[in-house]
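# Overview (structure and organization)
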Amino acid sequence: MAHEWQPQFEQLVDEHQSMVFSLALRMTGDRGLAEEIAQDVFLEMDRHLGRIESAEHARFWLRRVTMSRSADALRRRRVRFFDLFVEIEEHHGAAAEERSSPLGARLEHLLTTLPEAQRAVLVLRYQEDLTPEEIAATLEAPLATVKSNLQRGLKLLRAKAEGSLKEFIRKKEWVREL
Amino acid sequence: MSFEPTEEFEQELQQALERRPAPPSLKRRLMERRGRGREPRRWPVAWERLAASLALFAVLAGAAAWDLHEREQRRQGEAARQQVLTALRITGHALDQMNDQLAARGRGEE
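Figured I'd write up the structure that's included with this text. In this text the structure is predicted, and so the values were computed from the model without any measurement.

## Some thoughts on the overall build of chain B
- On a plain count of helices and strands, chain B comes out with 3 helices and 0 strands.
- Mapped in sequence order, the helices and strands of chain B form the string α-α-α.
- Expressed as a percentage of the 110 residues in chain B, the buried residues total 13%.

Quick look at the structure:
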């Protein structure tokens, strides 16, 4: 089917590289691997550019393929929880600490310790601001599963955060009282 | 200690998960890889063409030899079959003659 939208590859890279890289980074916890996945995703898009019909379709396609390639990469590497944790400390944690909010950095770090399915829906919900319906379409998963993973993931992350951030919250409240 | 209300926690999470800028090397490496993928295909050099031709010739010659061998086998088989049929025909003819002679002798004795 002919369509009017004629995207420039370089322009699409400029526009979406941050999204693709961030999704891959938060799914894998490895900057090098995330960069590699992002390159592969864009090269794949270059081969399928003729079939992409609109800017919205490009964004949807990039999100879907990035999540899929990240899951493939994790499966290939069979990263165990401990390995991932250590890796995040080495690669991801350091960068996260450069951010202004220590609470944000801690949350981002804790997110990477969640099960993959829960991590995926939380990243799409809170990084990409997608609705559960959009997440279901992106991950090609049933809506009920997405909603369940969202609830469970949020609950688990909150529990982890409350456990590890007591000191931070106490300080925050103390500052507020002042 | 807990986050109250839930929206506060979700807001914190949303802020924590802001998109990260991609490393500058990403686009550069990507464009390099894309450029490499679009380079015109290199034509094979003379020795590669010669080796490919020899391999092709060897395959074709082998196939032809095998076909010839198969045909010869079939021809020999057919000749043997014809010989057996001829022998059977001769034997049948001799038996018929003998049968006729025996029948004639029987009639004479009567």
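## As for the overall build of chain A
- Helix and strand counts for chain A come out as 9 helices and 0 strands.
- Sequence-ordered secondary structure for chain A, helices as α and strands as β, is α-α-α-α-α-α-α-α-α.
- Looking at chain A residue by residue over its 178 residues, the buried ones come to 49%.
- Pairs at least 24 apart in sequence give 69% of the contacts found in chain A among residues at least 6 apart.
- Put simply, chain A shows about 9,200 Å² of open surface, and 50% of that area lies on carbon and sulfur atoms.

## Comments concerning the pattern of salt bridges
Residue and element names in this part refer to chain A.
- Enumeration over the complete set of coordinates arrives at 20 salt bridges over all chains.
- Put simply, R69 and E44 hold a salt bridge, and the shortest N to O gap is 2.9 Å. One end of the pair, R69, is in helix 3 (residues 55–77); the other, E44, is in helix 2 (residues 31–47), and 25 residues separate them in sequence.
- Judged by its relative accessible area of 26%, R69 is partly exposed.
- Among the ionic pairs, E128 bridges to R63, the shortest N-O distance being 3.0 Å. Within this pair, whereas E128 is found in the loop between helix 6 (116–126) and helix 7 (132–139), its partner R63 is found in helix 3, the two being separated by 65 residues in sequence.
- Residue class for E128 comes out buried when judged on its relative accessible area of 7%.
- With relative accessibility at 8%, the residue R63 sits in the buried group.
- Within the structure, one salt-bridge network assembled from shared partners comprises E44, R69, D72 and R75.

## Some details on the packing of helix 6 of chain A against helix 7 of chain A
All names here are of chain A.
- Relative orientation of the contacting elements helix 6 and helix 7 amounts to 125°, with a least axis distance of 10 Å. If you check the angle between helix 6 and helix 7, you find them oblique. In this structure, the crossing between helix 6 and helix 7 has a hand that is right-handed. Judged by residue contacts, A120, V121, L124 and R125 of helix 6 engage I135, T138 and L139 from helix 7.

## Some thoughts on the interface of chain A and chain B
- The interface of chain A with chain B comprises 48 residues on the first partner and 29 residues on the second.
- In total, about 3,600 Å² of surface goes out of reach between chain A and chain B, with carbon and sulfur atoms giving 58% of it.
- When the buried area of chain A at its contact with chain B is split by residue, Q39, Y126 and R158 of chain A rank highest and sum to 19% of it.
- Our enumeration of links across chain A and chain B arrives at 7 salt bridges.
- A salt bridge links R29 of chain B to E35 of chain A, with the nearest nitrogen and oxygen atoms 3.2 Å apart.
- Joining chain A to chain B, the criterion identifies 17 residue pairs in polar contact (both at pLDDT 80 or more).
- Elements supplying a minimum of two residues to the side of chain A that touches chain B: helix 1 (9–28), helix 2, helix 4 (81–97), helix 5 (102–111), helix 6, helix 8 (143–164) and helix 9 (166–177) of chain A.
- With 11 residues, helix 1 of chain A is the largest single contributor of residues to the side of chain A that touches chain B.
- Residue classes in the side of chain A that touches chain B are distributed as 21 nonpolar, 7 polar and 20 charged.

## Details of the side chain of R63 of chain A
- Polar contacts involving the side chain of R63 of chain A include one to the side chain of E128 of chain A, which spans 3.0 Å.
- Ignoring any residue separated from it by four or fewer positions in sequence, one finds R63 of chain A in contact with M19, L23, L124, E128, L130 and T138 of chain A together with R19 of chain B.

## Re a nonpolar patch on the surface
- On the surface, a nonpolar cluster with roughly 260 Å² of combined accessible area is contributed by V84, L85 and L88 of chain B.
- Secondary-structure assignment places L85 of chain B in helix 3 (residues 46–109).

## Section: the nonpolar core
- With 52 residues, the main nonpolar core has F42, M45, L62, L122 and L157 of chain A as its most contacted residues.
- It is helix 1 of chain A that provides the largest number of residues to this core, a total of 10 residues.
- Discounting chain neighbours no more than four positions away, the residues touching F42 of chain A are F9, L12, V13, H16, Q17, V20 and L62 of chain A together with L30 of chain B.

About the cut-offs
- Residues numbered from 1 in each chain as written.
- Chains lettered and ligands numbered in written order.
- Predicted model: local features only at pLDDT ≥ 70, side-chain atom pairs only at ≥ 80, totals over all residues.
- Heavy atoms only, no water.
- Helix = DSSP H or I, 4+ residues; strand = E, 2+ residues; numbered from the N terminus.
- Buried < 20%, exposed > 50% of the residue type's maximum accessible area, 1.4 Å probe, protein only.
- Contact = heavy atoms within 4.5 Å.
- Areas by Shrake-Rupley, 256 points an atom, 1.4 Å probe, with all protein chains shown as cover.
- Salt bridge = Lys/Arg side-chain N within 4 Å of Asp/Glu carboxyl O.
- Axes fitted to C-alpha atoms, helices over the stretch in contact; angles between N-to-C directions.
- Parallel < 35°, antiparallel > 145°, perpendicular 65-115°, else oblique.
- Left-handed = near helix turned anticlockwise from the far one by under 90°.
- Buried area = accessible area lost by both parts, 1.4 Å probe.
- Polar contact = N/O pair within 3.5 Å; in protein donor to acceptor, adjacent residues only side chain to side chain.
- Nonpolar A, V, L, I, M, F, W, Y, C, P; charged D, E, K, R; others polar.
- Patch = residues over 30% accessible without salt bridge, like charges linked within 9 Å, V, L, I, M, F, W, Y side chains within 5 Å.
- Core = buried A, V, L, I, M, F, W, Y, C linked by side-chain atoms within 4.5 Å.

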